[in-house]
Amino acid sequence: MTTKFKIIIGFFLMVALTGGIALIGYLNYQTTSAQFGEYRRLSTFSAIMGDMNTQLYAAEAELYMFLDDNRKEHMDKVLAALASVGEHVDAAEKEVVLKERKDALDVIRKRALTISDLREKARASLVAAQEQYTGVMQKSNRAMGARLLEIAALARKANNAEVAYLTSQALERLAMARSALSRFSQSRAPSEEELIKGNQENLDKVLREMGPLLVSDEAKAAHAEAMEACKAVRASFSSMFVNFTDVNARLTELQAQILETVAIAEKLNADVSDDSTRLGAQILSDNNAAQNRLLVTGGVGLVFGIACALLIVVGIVRMLNELARFASAVARGDFKQVIKVREKGEIGTVIEAMRHIPQTLEHVIQQARELSNAISSGEFRKRLDTNS
């Protein structure tokens, strides 16, 4: 193979090797870009789920505070937190690929809707119960108290000691009933039911004992109004108790739904966090492997390039040394030296021409000698034959 072709082949091999290294780098870049895209998606999803869990925790905390103090603003905050959960689910779905995670998000969405529905139903029952308490029971109890005070005043005026005593007993029972109702309106504790019913039955009993003892029409009219108010309170309490029972049941279910939703969201977030951790480790590992491949490929390319360059340079140097040796010998007049290197192409043509230099020079010298001898012999017409 000629030196020229060695140089050309070496050049193309180096170009191919450089292109291979560039291709490996590009493939590594593509892989890393895809992995970073997936890592970004998982990180975004994890952040969204973290915010959603925060809202669910807030809803749970506000529900506990409502159970503690029955303040309406706590239920409003529960509703606001649940509304943001739906928004977070919508945002998280854009970052989800796996079907099981989409299914989990769909479960969370449905549970959020169920929780909102339970909250609305609990609120409706609570409003109905409060309306019974403030709209009927408090007014009826106040009316009953006013009528009992009228009866007591009439009894004192008529010197009716027995009615006056029963009136004081009725007012005491009324105060106890009102106190129990007030506690029940705040606590909604089912344990208050028996106490309230007992107070109302005792009050009703005292009022019934009082009726036959009344003499004046005015006292009887006041007593009739007190009896109607007592009846209204007892009927209203039954409705209030049913509504509060419904409120308690729905709040219990609401609390359970929130806790279950938090558990689902936490598990989903934990799975995504695990995937992010594994993917991060894989990215680092793949990146290190890619760097090692580039280093190995680059090292092999460098060694191969140096080997090719040395092979070409050694060939050229050997050829030049041979030509220098040959030229030095010819310059000393040693025409028996032979060029030992073999080449083709342009360099081969030059070498081949140099191979004939000793023969040509030897022929010219021989001709010069013959001419000198001829001149010495007096043959002045002799000429050098430069064409032979």
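Residues numbered from 1 in each chain as written. Predicted model: local features only at pLDDT ≥ 70, side-chain atom pairs only at ≥ 80, totals over all residues. Heavy atoms only, no water.

Caption draft 1: Highlighting the overall build of the protein. Scanning the protein from N- to C-terminus turns up eight helices and zero strands. Secondary structure elements of the protein, listed N to C terminal, follow the sequence α-α-α-α-α-α-α-α. Seen through its C-alpha atoms, the protein measures out along the principal axes to roughly 195 × 30 × 25 Å. The buried share of the protein, taken over its 388 residues, is 36%. Once local pairs closer than 6 in sequence are excluded, the contacts in the protein between residues at least 24 apart make up 76%. As displayed, the protein offers around 22500 Å² of accessible surface, 60% of which is attributable to carbon and sulfur atoms. Each charge class in the protein was averaged separately, 48 positive and 48 negative side chains, and the resulting centres sit 10 Å apart. (Helix = DSSP H or I, 4+ residues; strand = E, 2+ residues; numbered from the N terminus. Buried < 20%, exposed > 50% of the residue type's maximum accessible area, 1.4 Å probe, protein only. Contact = heavy atoms within 4.5 Å. Areas by Shrake-Rupley, 256 points an atom, 1.4 Å probe, with all protein chains shown as cover. Lys, Arg positive; Asp, Glu negative; His and termini not counted. Charge placed at Lys NZ, Arg CZ, Asp CG, Glu CD.)

Caption draft 2: The arrangement of the nonpolar core in detail. By size, the foremost hydrophobic cluster in this structure holds 66 residues, and its most contacted members are Met49, Met144, Leu207 and Met210. Breaking this core down by element, the ones donating at least two residues are helix 1 (3-69), helix 2 (72-93), helix 3 (99-157), helix 4 (161-187), helix 5 (192-210) and helix 6 (217-331). Per-element accounting of this core gives the leading share, 21 residues, to helix 6. Among residues more than four places away in sequence, those in contact with Met144 are Leu174, Leu203, Leu207, Ala226, Ala229, Cys230 and Val233. By size, the runner-up hydrophobic cluster in this structure holds nine residues, among which are Phe326, Phe335, Ile339 and Met354. (Core = buried A, V, L, I, M, F, W, Y, C linked by side-chain atoms within 4.5 Å.)

Caption draft 3: Region of the structure containing helix 6. In a regular helix each residue adds 1.5 Å, so 115 residues correspond to 171 Å; helix 6 covers 163 Å between its end C-alpha atoms and thus fits that length. Gly333, located one to two residues past helix 6, shows a positive phi value of around 95°. (Expected span 1.5 Å × (residues − 1).)

Caption draft 4: Layout of the packing of helix 5 against helix 6. Viewed as axis vectors pointing N to C, helix 5 and helix 6 meet at an angle of 165°, and their least axial separation amounts to 10 Å. One finds that helix 5 runs roughly antiparallel with respect to helix 6. In this structure, helix 5 crosses over helix 6, and the sense of that crossing is left-handed. For the pair formed by helix 5 and helix 6, the contact residues are Glu193, Ile196, Lys197, Gln200, Glu201, Leu203, Asp204, Leu207, Arg208 and Met210 on the first element and His223, Ala226, Met227, Cys230, Val233, Arg234, Phe237 and Phe241 on the second. Its residues placed into classes, the contact of helix 5 with helix 6 shows ten nonpolar, two polar and six charged. (Axes fitted to C-alpha atoms, helices over the stretch in contact; angles between N-to-C directions. Parallel < 35°, antiparallel > 145°, perpendicular 65-115°, else oblique. Left-handed = near helix turned anticlockwise from the far one by under 90°. Nonpolar A, V, L, I, M, F, W, Y, C, P; charged D, E, K, R; others polar.)

Caption draft 5: Spotlight on the environment of Phe184. Relative to the assigned elements, Phe184 resides in helix 4. With 57 residues separating them along the chain, Phe184 and Phe241 place their C-alpha atoms 9.0 Å apart. Residues contacting Phe184, with those up to four places away along its chain left out, are Ala189, Glu192, Ile196, Phe237, Met240, Phe241 and Phe244.

Caption draft 6: Representation of the pattern of salt bridges within the structure. The tally for this structure, following the rule as stated, stands at 21 salt bridges. Where Glu260 meets Arg111, a salt bridge forms, and the shortest distance between an N and an O atom there is 2.6 Å. With Glu260 in helix 6 and Arg111 in helix 3, this residue pair connects regions lying 149 residues apart in the sequence. With its nearest N and O atoms 3.0 Å apart, the salt bridge here joins Asp246 to Arg250. Highlighted residues: Asp246 and Arg250, both in helix 6, separated by four residues, approximately one helical turn. Of the residues examined, Asp246 reaches a relative accessible area of 24% and is grouped as partly exposed. The partly exposed category is assigned to Arg250, whose relative accessible area is 22%. Linked by salt bridges that have partners in common, Asp76, Arg119, Glu120 and Arg123 make up one network. (Salt bridge = Lys/Arg side-chain N within 4 Å of Asp/Glu carboxyl O.)

Caption draft 7: Fine view of the side chain of Asn269. When you line up the elements, Asn269 lands in helix 6. Here Ser46 takes part through its side chain, which lies 3.2 Å from a polar atom of the side chain of Asn269. Beyond its immediate chain neighbours, meaning those up to four positions away, Asn269 contacts Ser46, Met49, Gly50 and Asn53. (Polar contact = N/O pair within 3.5 Å; in protein donor to acceptor, adjacent residues only side chain to side chain.)

Caption draft 8: Main features of the packing of aromatic side chains. Considering all chains together, one arrives at four aromatic pairs under this definition. Between Phe184 and Phe241 the ring centres are 5.9 Å apart and the planes differ by 20°, which places this aromatic pair in the stacked class. You can see Phe184 sitting in helix 4 and its partner Phe241 sitting in helix 6, a full 57 residues away along the chain. Residue Phe184 is classed as buried on the basis of its relative accessible area, which comes to 1%. According to the relative accessible area criterion, Phe241 is buried, its value standing at 17%. A connected cluster of aromatic rings, assembled from ring pairs, spans Phe184, Phe237, Phe241 and Phe244. (Phe/Tyr/Trp six-rings, centres within 6.5 Å; stacked < 30°, edge-to-face > 60°.)

Caption draft 9: Just unusual backbone geometry, in detail. Phi at Asn159 takes a positive value of approximately 55°, unusual for a residue other than glycine. Position of Asn159 relative to the elements: it lies in the loop between helix 3 and helix 4. Positive phi, close to 55°, is recorded for Arg188, a residue that is not glycine. Here Arg188 lies in the loop between helix 4 and helix 5.

Caption draft 10: Representation of the side chain of Asp275. Examined against the element boundaries, Asp275 turns out to sit in helix 6. Once residues within four sequence positions are removed from consideration, Asp275 is found in contact with Leu42 and Arg101.

None of this, on its own, says anything about what the molecule does.
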